[in-house]
Amino acid sequence: MNSLKIHATDDSPEILFDLENKVFEISGKSLPEDVNEFYGPVMDWLTEYSKNPLPETTFNFKFNYFNTASSKIILDILLILEDIHKNGNDVKVKWFYPGYDEDMQEAGEEYSEMAEVPFEHIRY
């Protein structure tokens, strides 16, 4: 399985799923015009990864903004991570949020209640 790297644009986040360095991160702004088109390869990659994951997966979310359509995809990603965790693998989600952004902090708290996976909330 190859790593996945998608460069950020003005409307879409950077995706970095680097198996060799054990880095799984989505960062930036997420408001792509067509979320299914943008996140399709991401979901396909994660679904394939979930079949044979690393023993430890730390997944970083570093959004500074995401729209409503992206919020559903974020939950879908978390549910895949939850499945990996329930199958006995060590999974941790790190939710980074700017210290001034209460909405992003609350979003992370809400996601941590929806998915049964260890969460760490990190203010920066």
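Further up the page is the structure itself.
Here's what I pulled together on the structure shown here. Counting restarts for each chain: residues are numbered from 1 in the order of the written sequence. Only residues with pLDDT of at least 70 are given local features in this predicted model, and only at 80 or more are side-chain atom pairs given and counted; all residues enter the totals for whole chains, interfaces and linings. Where side-chain values are given, they derive from all heavy atoms of the structure, hydrogens and water being excluded.

## Details of the packing of aromatic side chains
Centres within 6.5 Å make a pair out of two Phe, Tyr or Trp rings, where for Trp the six-membered ring is used; the pair is then stacked when the planes are under 30 degrees apart, edge-to-face when over 60, and tilted otherwise. In total, this model carries 15 aromatic pairs according to the counting rule given. Both rings, one in Phe17 and one in Phe59, keep their centres 5.5 Å apart while their planes meet at 55°; by these two values the pair is tilted. One end of the pair, Phe17, is in strand E2 (residues 14-18); the other, Phe59, is in strand E4 (residues 56-66), with 42 residues separating them in the sequence. Residues Phe17 and Phe59 agree in their burial class; the two are buried. On the numbers, 5.4 Å between centres and 65° between planes, the contact of Phe63 with Phe66 is edge-to-face. You'll find Phe63 and Phe66 in the same group, each marked buried. Through successive ring pairs, a cluster of aromatic residues spans Phe17, Phe24, Trp45, Tyr49, Phe59, Phe61, Phe63, Phe66, Trp95 and Tyr111. If you follow Lys62 out to its NZ or CZ, it ends over the ring of Phe96, 4.7 Å from the centre. Secondary structure elements are taken from DSSP: a helix is a run of H or I of four residues or more, a strand is a run of E of two residues or more, and numbering for both begins at the N terminus. Only protein chains enter the accessibility calculation, which uses a 1.4 Å probe. A residue is then buried if its area is under 20% of the maximum for its type, exposed if over 50%, and partly exposed in between. Charge over a ring is defined by NZ of Lys or CZ of Arg lying within 6 Å of the ring centre and within 35 degrees of the ring normal.

## Digging into the side chain of Thr57
With respect to the element layout, Thr57 can be found in strand E4. Pairing of N or O atoms within 3.5 Å defines a polar contact, subject to two protein rules: one partner must be a possible hydrogen donor and the other a possible acceptor, and residues neighboring in sequence count only if both atoms are side-chain atoms. At 2.5 Å, the side chain of Thr57 and the side chain of Tyr49 are in polar contact. Any two residues whose heavy atoms approach within 4.5 Å at even a single point are treated as in contact. Filtering out sequence-adjacent residues up to four positions away, Thr57 remains in contact with Phe24, Tyr49, Leu81, Asp90, Val91 and Lys92.

## Considering the pattern of salt bridges
Only one rule defines a salt bridge in this text: a Lys or Arg side-chain nitrogen within 4 Å of an Asp or Glu carboxyl oxygen. This structure, assessed with the given rule, holds six salt bridges. Here Glu25 makes a salt bridge to Lys62, at a shortest N to O gap of 3.4 Å. Placement of Glu25 in strand E3 (residues 23-30) and of Lys62 in strand E4 is noted, with a sequence separation of 37 residues between them. Since its relative accessible area comes to 15%, Glu25 is described here as buried. Among the ionic pairs, Glu48 bridges to Lys51, the shortest N-O distance being 3.3 Å. You can see Glu48 and its partner Lys51 sitting in helix H1 (residues 35-51), three residues apart, about one turn around the helix. The exposure class of Glu48 is partly exposed, given its relative accessible area of 42%. For Lys51, a relative accessible area of 61% puts it in the exposed group.

## Comments concerning the sheet that holds E4
Should DSSP find at least two bridges between two strands, the strands are taken to pair. The six strands are arranged E1-E2-E3-E4-E5-E6 in an open sheet whose pairing can be described as mixed. For this open sheet the edge positions go to strand E1 (4-6) and strand E6 (119-123), each flanked by a neighbour on one side alone. Averaged over neighbouring strand pairs, the angle between their axes works out to 15° when direction is ignored. Where strand E5 (residues 90-97) and E6 come together, five bridges link them in parallel fashion. Residue pairing for E6: Phe96 is matched across the bridge by Ile122. Axes, fitted as lines to C-alpha atoms, cover a helix only where it is in contact. Angles between the N-to-C directions of the axes lie from 0 to 180 degrees. Along the sheet, H1 makes contact with E1, E2, E3 and E4, crossing E2 at roughly 20°. Of the strands in this sheet, E4, E5 and E6 are in contact with helix H3 (residues 102-114), which crosses E6 at around 175°.

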